[in-house]
Amino acid sequence: MNVHEKLAILADAAKYDASCASSGSKSTRPGSRIGSTEGMGICHSYTPDGRCVSLLKILLTNYCIYDCQYCVNRITSDVPRARFSTDEVVRLTLEFYRRNYIEGLFLSSGIIQDANYTMEHLVAVARTLRVEHGYGGYIHLKTIPRASGELIAEAGRWADRISVNIELPTEHDLVQLAPEKKRSDIEQSMTDIKVRIDAQRDDRQAGFSAPPFAPAGQSTQMIVGATPTPDADILATAHHLYSRRKMRRVYYSAYSPIPHADARLPAQTPPLVREHRLYQADWLLRFYGFQLEELVTPAKPNLDLDVDPKLAWALHHREQFPVDVNRADREMLLRIPGLGVKTVDRIIVSRRHRTLRADDLRKLRVPWSRVQHFVATADHKPRSQLLECPQLVRKLHPKVSSRQLSLFAEA
């Protein structure tokens, strides 16, 4: 099998991995002769559902000793198999980079022999790029739970970001569909990475010249829609990983049906808008001061697919609006549908110098048609009856085509 044929198989096999965004890397490695993670060195390209497609995203191999029922590369799958050598991945990365096809490398792998054997080969690719070729571009390595600490340390030394997949939202889901994998092993790997990242940061703050360790942090990915697990549990797991494991990002990947799948798996992929709503809720929890129980409840454990979670919260708390932008605190301003963090910060700075009017908000590029129902200014006092109008959501969220486009369908 030639390299082109391997690339066709192993790039296709990697398309299900969503956690490839290169955001978070801010510095180019000293002494690099090719590649950069700064400025124009990395050009992120995100699909509308948030996936990054600017990296060479491949598997080292799609052979795997595990039989995870949701994975197209499980050992019992009859998909074509291939395996790259270290030199082949290095050569592809450099040649693609020189041709400006890519801005970095995302490398994952099926598990061959055992965790350490697989991890050794992943690390060898990153080491060869950095040491032998002086490659300074972005590298994201998937790490394998139960791999040795020495291999994880070396992976973090050469890679900008490393990640361990949490796989499924709950331990119960994992037991059902991937019993060979243990949630405790996965979380222990995340903890080990966190400890190394913290130690490296502390050493540098203390003035020591510590070697780099995953400067863009660690991330993870979970498959949603393979089990009936509701959004409340998915977001609770994400919150746990952010707060306890210090994840830089948690990625949500809608389950894609695979050939000869287990009867317990759904026949259709969940709507990709569910991923989108999860990302929106994730953002509200991390940057907007929302609590999980404000977005999902035991009575309604799933996010509304028709309305974004911030607007949904506002419509259920209409008594708190309109908000006076000249008096409200930052926390309340962040809860106004249509206002982002930067806009809120600009409003707070502007109102120190003058009493804000509607035109002032328009000059700050506030989406007035959306925001006007929820704010009060010196010259704008919306009628409270309008907020009680049951048609308000229709005005703010006009229906669009309900046809779900497939990310991987041929044009």
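### Regarding the sheet that holds strand β1 (residues 56-59)
1) Next: Ordered by their spatial adjacency, six strands build an open sheet running β1-β2-β3-β4-β5-β6, and the pairing between neighbours is parallel. Of all the strands in the sheet, just β1 and β6 (249-254) have a single pairing partner and so form its edges. The average undirected angle you get between the axes of adjacent strands in this sheet is 20°.
2) Next: Where strand β2 (residues 104-108) and strand β3 (residues 138-142) come together, four bridges link them in parallel fashion.

### Examining empty space enclosed by the protein
1) Next: Taken as a whole and judged by the stated rule, the model has one cavity of 30 Å³ or more.
2) Next: A volume near 790 Å³ is recorded for the largest cavity.
3) Next: Lining the largest cavity are 43 residues, and of these Asp-17, Cys-71, Asn-165, Glu-167 and Lys-181 sit closest to its centre.
4) Next: Looking at the lining of the largest cavity, the elements with two or more residues in it are α6 (183-205), β5 (218-224) and β6.
5) Next: If one sorts the elements of the lining of the largest cavity by residue count, β5 sits on top with three residues.

### Notes on the packing of helix α3 (residues 115-132) against helix α4 (residues 149-158)
Two quantities define a packed helix pair, namely the angle between the helix axes and the distance between the axes.
1) Next: Orientation of α3 relative to α4, taken along the N-to-C sense of each, is 30°, at an axis distance of 9 Å. Here α3 lies roughly parallel to α4, going by the angle between them. Along this stretch, α3 crosses α4, giving a crossing that reads as left-handed. Residues Asn-116, Met-119, Glu-120, Val-123, Ala-126, Arg-127, Arg-130 and Val-131 of α3 touch α4, and the partners they reach there are Leu-151, Ile-152, Glu-154, Ala-155 and Trp-158.
2) Next: Broken down by class, the residue content of the contact of α3 with α4 amounts to eight nonpolar, one polar and four charged.

### Quick word on unusual backbone geometry
1) Next: Cis peptide bonds are those with omega within 30 degrees of zero, and the linkage from Phe-321 to Pro-322 qualifies with 0°.
2) Next: The residue Pro-322 is located in the loop between α10 (309-316) and β7 (323-324) in this model.
3) Next: Phi at Glu-167 is positive, roughly 75°, even though this residue is not glycine.
4) Next: Within the fold, Glu-167 resides in the loop between β4 (161-163) and α5 (171-177).
5) Next: Look at Lys-246: it is not a glycine, yet its phi comes out positive at around 55°.
6) Next: By the secondary structure assignment, Lys-246 is in the loop between α7 (231-245) and β6.

### Some remarks on the pattern of salt bridges
Between side chains of opposite charge, a pair can form when the charged atoms approach closely.
1) Next: Overall, the coordinates contain 22 salt bridges when judged by the stated rule.
2) Next: Where Arg-245 meets Glu-187, a salt bridge forms, and the shortest distance between an N and an O atom there is 2.7 Å. Note that Arg-245 is positioned in helix α7 and Glu-187 in helix α6, a separation of 58 residues in sequence.
3) Next: The class of Arg-245 is buried, set by a relative accessible area of 15%.

### Re the environment of Leu-334
1) Next: Locating Leu-334 in the fold gives a position in the loop between α11 (330-333) and α12 (341-350).
2) Next: Separated by 10 residues in the primary sequence, Leu-334 and Val-344 have C-alpha atoms spaced 6.5 Å apart.
3) Next: Not counting chain neighbours up to four residues away, the residues in contact with Leu-334 comprise Phe-287, Tyr-288, Phe-290, Lys-310, Leu-339, Gly-340, Val-341 and Val-344.

### As for the nonpolar core
1) Next: Core analysis: the biggest nonpolar cluster contains 111 residues, and Tyr-70, Leu-107, Met-119, Tyr-252, Leu-333, Ile-336 and Leu-361 have the highest contact counts within it.
2) Next: Per-element tally for this core: the top contributor is α3, with seven residues.
3) Next: In this structure Tyr-252 touches Met-222, Val-224, Ile-234, Leu-235, Ala-238, Glu-275, Leu-278, Tyr-279 and Asp-282, once residues within four positions along its chain are discounted.

### Digging into the confidence of the model for the protein chain
Detailed conclusions should not be drawn from predicted coordinates in areas where pLDDT is low.
1) Next: Of all residues in the protein chain, 85% attain a pLDDT of 70 or more, and the chain-wide mean is 86.
2) Next: Considering each helix and strand of the protein chain separately, the mean pLDDT is smallest for helix α15 (residues 384-387), with a value of 66, and largest for α11, with 97.
3) Next: Here residues 45-51 scores under 50 on pLDDT; set against residues more than four positions off or in separate chains, the count is 19 contacts.

What counts, and where the lines are drawn
- Residues numbered from 1 in each chain as written.
- Predicted model: local features only at pLDDT ≥ 70, side-chain atom pairs only at ≥ 80, totals over all residues.
- Heavy atoms only, no water.
- Pairing = 2+ DSSP bridges.
- Helix = DSSP H or I, 4+ residues; strand = E, 2+ residues; numbered from the N terminus.
- Axes fitted to C-alpha atoms, helices over the stretch in contact; angles between N-to-C directions.
- 1 Å grid on protein atoms, 1.4 Å probe; cavity = no way out; pocket = protein on both sides within 12 Å on 5 of 7 lines; lining within 4 Å.
- Points joined across faces, edges and corners; volume = space filled by probe spheres on them.
- Parallel < 35°, antiparallel > 145°, perpendicular 65-115°, else oblique.
- Left-handed = near helix turned anticlockwise from the far one by under 90°.
- Contact = heavy atoms within 4.5 Å.
- Nonpolar A, V, L, I, M, F, W, Y, C, P; charged D, E, K, R; others polar.
- Salt bridge = Lys/Arg side-chain N within 4 Å of Asp/Glu carboxyl O.
- Buried < 20%, exposed > 50% of the residue type's maximum accessible area, 1.4 Å probe, protein only.
- Core = buried A, V, L, I, M, F, W, Y, C linked by side-chain atoms within 4.5 Å.
- pLDDT = per-residue confidence, 0-100.

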